[in-house]
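# Summary of the model geometry
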Amino acid sequence: MPEPTKKEENEVPTPAPPPEEPSKEKEARTTPAKEWSLGESPAGEEQDKQNANSQVSVLFVEKPQGGTVKVGENITFIAKVKAEDLLRKPTVKWFKGKWMDLASKAGKHLQLKETFERQTRMYTFEMQIIKAKENYAGNYRCEVTYKDKFDTCSFDLEVHESTGTTPSIDIRSAFKRREVKQQEEEPEVDVWELLKNANPSEYEKIAFQYGITDLRGMLKRLKRMRRVEKKSAAFAKILDPAYQVDKGGRVRFVVELADPKLEVKWFKNGQEIRPSTKYIFEHKGCQRIMFINNCQMTDDSEYYVTAGDEKCSTELFVREPPIMVTKQLEDTTAYCGERVELECEVSEDDANVKWFKNGEEIIPGPKSRYRIRVEGKKHILVIEGATKADSAEYSAMTTGGQSSCKLSVDLKPLKILTPLTDQTVNLGKEICLKCEISENITGKWTKNGLPVQESDRLKVVHKGRIHKLVIANALTEDEGDYVFAPDAYSVTLPAKVHVIDPPKIILDGLDADNTVTVIAGSKLRLEIPISGEPPPKAIWSRADKAIMEGSGRIRAESYPDSSTLVIDVAERDDSGVYHINLKNEAGEAHASIKIKVVDLPDPPVAPNVTEVGDDWCIMNWEPPAYDGGSPILGYFIERKKKQSSRWMRLNFDLCKETTFEPKKMIEGVAYEVRIFAVNAIGISKPSMPSKPFVPLAVTSPPTLLAVDSVTDTTVTMKWRPPDQIGAAGLDGYVLEYCFEGKPPKIRIPRHLKQTYIRRVGEAVNLVIPFQGKPRPELTWKKDGADIDKNQINIRNSETDTIIFIRKAERSHSGKYDLQVKVEKFTESASIDIQIVDRPGPPQTVKIEDVWGENVALSWTPPKDDGNAAITGYTIQKADKKSMEWFTVIEHYHRTNATITELVIGNEYYFRVFSENMCGLSEDATMTKESAVIAKDGKIYKNPVYEDFDFSEAPMFTQPLVNTYAIAGYNATLNCSVRGNPKPKITWMKNKVAIVDDPRYRMFSNQGVCTLEIRKPSPYDGGTYCCKAVNDLGTVEIECKLEVKVIYQGVNTPGQPVFLEGQQQLLHNKDF
């Protein structure tokens, strides 16, 4: 068999086959079966072992081979798998013994490596053992899996301490040993018998006590041997079910043949054993004996012997020597918070040592303060941050003894590194009381002797040796004496907190300009709310003159939460600016208040009468010099006859103007008028009367005008006097004359006397009547030029003229002049026609400024106004994300605007439409850049919603129930659990967690937890526990499982019952 590759420091020697001795091989083949020789095994043995291990391989191209290594050296085992027929990488596992998966043991002394060569399409898997130790010796196994294909290979590793060669043994002395009385190599305590008679729940304890490292493999092999052997024709006495030997000891296997001529062969793990210094064979009558010298962990395996076509098997268990405590634990004293290390030494490296506290086993974990550190033979128990609760008796237990010590943890002398300090804090600010002590311990805070309760505003912080009391938004009730008392110490740290508040003047009840209006003659009591801690002192002043508190007409009054200015009888001279000043130890505050005393207005001056009629007149006047401090709302007018003293009001609704037209007066009678001014306070005194005036009427026209006589050069006219002459009398007549004939006259319709407006595309049809005899001549011109009759149709008749445009265009706009001529008389008229259309968009739109939730825009009017005045603008906004436009302002007349109430955090574009009498422009002008409403200007506080707390500690909703199972048939245990966060499920048997055990399958679906036990045996009976753990707690539930075994129709729980003549063997469970 070729040697496995050994990896030394920076050197990888190539494997070389050992030398073969043909003479010995020939001698081995020709020597009879009774004449076994001692010494090294012949080369044929190596070939047979290789053939035994080289069965038809499904996946392996090269299998790992057994090897030998010295203590402290490296060795590498190599397995190769061809990837030509594989779609993905196969799964490879390395085992020691039967079930110990080495993937979890990779680290300082074991490394697993895998590579892939693309050219040869070959997977190479390596297992390297670094600095080998004696306990690394044993049987190893390599398994490869790909889909439904499976391949496995086992190999042995031997670890030697010395580098010397194996001494030669005299074959004659070896035969002499047969004459010596055979002594049993069994230990004083037979672990086999202990396990056979013990309760399955005590297997782990027995394995730890007697140094059984592969308990699962041992029980697995014992179970295979427990089957009932048929009566053998070849063997008179078969091998015992199992043998046990200490490491380094010697074991003896004996079988007795029914026929001594039968050839006997011994096998280990399927490989034939050849005589050597380690394996010695003896023939003694019908007995066939095999001795195994210097038993190592690699010898722990299955052995069988064949005689003819029959064979019998046994198991050899090699037990390691007990681990002894070579250095005892020492009593230790420590202070709270310190790191404590309890150290002991044992006789072997990396030995299994259990630690106990007051008799209870210490199980370290990620959340535990206990850690166990192993440094070769040293085993150290580390306690982080020791407390008084850690004072106890600690012990370390090995398979060969134990050691105990006492740990005493006391408090350290406490030192105050940073004491609390008195604080003076403004109202609404944060209060932070901070102290530092020499130890990392907890403590309690009190205020005025009462415990401090944490809240959303008050937080207690403990970080290491620093303790803080933080109060957000200080209130006046937070003022007091605070004390911090460390736990377990009689020391206290006091501090005083004084809360102050700068003075504030609250003017919310006043106008925007802080103006107070009072009617003259009334009493003013102006109460201004104030705040501050301690209460501030208020001082009122006017024109740098202080207003004192007392009993004067103008005085100040002070109260704890307000200050009052009192004016008993307000006068016009009391108007002005008053100042209020507040002061306390936290600061000062100042405010100005304008007091306005209003009164009745002064009377207006005497009115003037500028024009008179028959029963009316027109009068005007000037406003009063003093309006009483309030705007003039209007006027009342009164009149009276000059000789009378009774005034009569002419209007009952206020006259807003300073002119008025009295009516219904008597012609020829002298009158006087006067004025009253009115403001919000009342009516003023009357003005002085106007100068007397007399209404006079205009005469009516003369009547019965007729021609009396006519000469060549004269005409005599007659008429009668007017019917109404009036009180002013008749002064004379005025005569006028004209030539004979009917001059032309144009009668422009009323709707054409102003600009005639039509939209583009509409029809224009205007009819203008006229008079004149004889038939007049008509001439039309547009803007001083002749009209193009191809575009505008003109139709004339004797009484009217028509201008018709079928489809108006903007070029038809202008001034149209009509001239009507009769002989030498001429009449002219003009018509303005305006053809309008929609305007164009504004030329440019700019974002002038962005602040808070507001954006300032400006734009320039459009170049094309559509031949009509721009009546307004329409402004729209759009969010950059959606670009959906929404109207913000309509019919806006200016060329700049401020857009408000925009959403913080959004980005906006804006566009503007022009508008005239025809409507909005077809297009709009959009801003080139966007406006970002930043969040810095105003902090938006999202509403706080309390999230529903779905967290829940684990709780079993369906418990485990006691279950009976039949051996050889799968059994399941079911329960249901709920919890949030989802709990982690752990299954345990007899308080031992089930981890990586192929006999068990665990499922968890929608809270239903299932443990499936494959083909259970009586050993699988016991107490099973399901443990659920999350951040909020831990819960466990247990049940008992009893496995019944049926033999020959007999149903018995627990141990199976065999028929007479059969052995009772212990059933075992796979680990």
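What counts and what doesn't
Residues numbered from 1 in each chain as written. Predicted model: local features only at pLDDT ≥ 70, side-chain atom pairs only at ≥ 80, totals over all residues. Heavy atoms only, no water. Helix = DSSP H or I, 4+ residues; strand = E, 2+ residues; numbered from the N terminus. Buried < 20%, exposed > 50% of the residue type's maximum accessible area, 1.4 Å probe, protein only. Contact = heavy atoms within 4.5 Å. Areas by Shrake-Rupley, 256 points an atom, 1.4 Å probe, with all protein chains shown as cover. Pairing = 2+ DSSP bridges. Axes fitted to C-alpha atoms, helices over the stretch in contact; angles between N-to-C directions. Patch = residues over 30% accessible without salt bridge, like charges linked within 9 Å, V, L, I, M, F, W, Y side chains within 5 Å. Salt bridge = Lys/Arg side-chain N within 4 Å of Asp/Glu carboxyl O. Polar contact = N/O pair within 3.5 Å; in protein donor to acceptor, adjacent residues only side chain to side chain. Lys, Arg positive; Asp, Glu negative; His and termini not counted. Charge placed at Lys NZ, Arg CZ, Asp CG, Glu CD. pLDDT = per-residue confidence, 0-100. Core = buried A, V, L, I, M, F, W, Y, C linked by side-chain atoms within 4.5 Å. Phe/Tyr/Trp six-rings, centres within 6.5 Å; stacked < 30°, edge-to-face > 60°. Lys NZ or Arg CZ within 6 Å of the ring centre and 35° of its normal.

### Section: the overall build of the chain
- Per the secondary structure count, the chain includes six helices and 80 strands.
- Relative to its full complement of 1071 residues, the chain shows a buried share of 37%.
- Across the chain, the fraction of contacts at a sequence separation of at least 24, relative to all contacts at a separation of at least 6, is 63%.
- On the chain, roughly 62,600 Å² of surface is accessible, and the fraction owed to carbon and sulfur atoms is 49%.

### Brief notes about the sheet that holds strand β60 (residues 814-822)
- As summarised here, the arrangement of the five strands in space is β54-β61-β60-β56-β57, forming an open sheet in which the pairing is mixed. The outermost strands of the open sheet, each flanked by one partner alone, are β54 (756-759) and β57 (785-786).
- Summarising the sheet, strand β56 (residues 777-782) and β57 pair through two bridges and their orientation is antiparallel. Bridging across to β57, K782 finds its partner in A785.

### Overview of the sheet that holds strand β10 (residues 235-237)
- Taken together, the four strands give an open sheet; going across it, the order is β10-β12-β16-β15, and neighbouring strands pair in antiparallel fashion. The two strands at the open ends of the sheet, each matched to only one other strand, are β10 and β15 (279-284). On average, each strand axis in the sheet is inclined to that of its neighbour by 30°, with strand direction left out of account.
- Note: strand β12 (residues 251-257) against strand β16 (residues 287-292), six bridges, orientation antiparallel. Pairing of V254 across the sheet is with I289, part of β16.

### Notes on a nonpolar patch on the surface
- A cluster of nonpolar side chains, namely L705, V707, V710, V715 and M717, defines an oily patch on the protein surface of about 470 Å² accessible area.
- Counting residues per element, the ones that place at least two in the nonpolar patch are β51 (703-710) and β52 (715-720).
- A per-element tally of the nonpolar patch places β51 first, with three residues.
- Position of V715 among the secondary structure elements: in strand β52.

### Describing unusual backbone geometry
- Each neighbour pair has its own omega, and for E533 with P534 the value is -5°, a cis peptide bond.
- Here P534 shows up in the loop between β38 (524-533) and β39 (537-542).
- Residues other than glycine seldom take positive phi values, yet N867 does so here, at roughly 65°.
- Among the structural elements, N867 can be located in the loop between β63 (854-859) and β64 (872-879).
- Of note in the backbone geometry, K1015 takes a positive phi value of approximately 45° without being a glycine.

### Some remarks on the side chain of T925
- Looking at the element boundaries, T925 is found in strand β69 (residues 925-926).
- A distance of 2.4 Å separates a polar side-chain atom of T925 from the backbone oxygen of P842.
- Sequence-distant contacts of T925, that is, excluding residues within four places in its chain, are made with P841, P842, Q843, T844, V845, F910, R911 and V912.

### A short note on a positive patch on the surface
- A surface patch of positive charge is lined by K742, K745, R747 and K773.
- Among the structural elements, K773 can be located in strand β55 (residues 764-773).

### Quick notes on the confidence of the model for the chain
- Averaged over all residues, the pLDDT of the chain equals 82, while 85% of them reach at least 70.
- Per-element confidence in the chain ranges from a low mean pLDDT of 36 for helix α1 (residues 22-30) to a high of 95 for strand β67 (residues 907-916).
- Across residues 1-55, confidence stays below pLDDT 50; counting only partners more than four residues off in sequence or on other chains, it has 83 contacts.
- Of the regions scoring below 50 in pLDDT, residues 164-188 engages in 26 contacts with residues more than four places distant in sequence or in other chains.

### A closer look at the pattern of salt bridges
- Evaluation of the coordinates by the stated rule reveals 39 salt bridges.
- Between K718 and D708 there is a salt bridge, and its shortest N-O distance comes to 3.2 Å. With K718 in strand β52 and D708 in strand β51, this residue pair connects regions lying ten residues apart in the sequence.
- Residue classification places K718 among the partly exposed positions, given a relative accessible area of 47%.

### Details of the nonpolar core
- The biggest cluster of nonpolar side chains holds 52 residues, and the ones touching the most others in it are W94, I129, F253 and W266.
- If you look at the next biggest cluster of nonpolar residues, it comprises 24 residues, including V516, I528, W540 and I547.

### Topic: the environment of V255
- One can find V255 in strand β12.
- When residues no more than four places from it in sequence are discounted, the contact partners of V255 are F235, K237, I238, L239, W266, C286, Q287, R288, V305 and C312.

### Structural notes on the packing of aromatic side chains
- Under the criterion given, the structure shown has 18 aromatic pairs.
- Taken together, a centroid distance of 6.3 Å and an interplanar angle of 80° make the contact between W94 and F155 edge-to-face. Here F155 lies in strand β9 (residues 149-160) and W94 lies in strand β4 (residues 91-96), a separation of 61 residues in the sequence. The two residues W94 and F155 agree in class, both being buried.
- Taken together through their ring pairs, the aromatic side chains of F77, W94, Y140 and F155 make up a single cluster.
- One Lys or Arg, K640, reaches over the ring of W647 and ends 5.3 Å from the middle of that ring.

### A look at the pairing of strand β50 (residues 671-679)
- Buried residues dominate β50, accounting for nine of its nine residues.
- Every second residue of β50 is oriented toward a common face, with Y671, V673, I675, A677 and N679 on one face and E672, R674, F676 and V678 on the other, all of them buried.
- Pairing of strand β47 (residues 632-641) with β50 involves nine bridges; the strand directions are antiparallel. Note that in β50 the partner of K640 across the bridge is E672.

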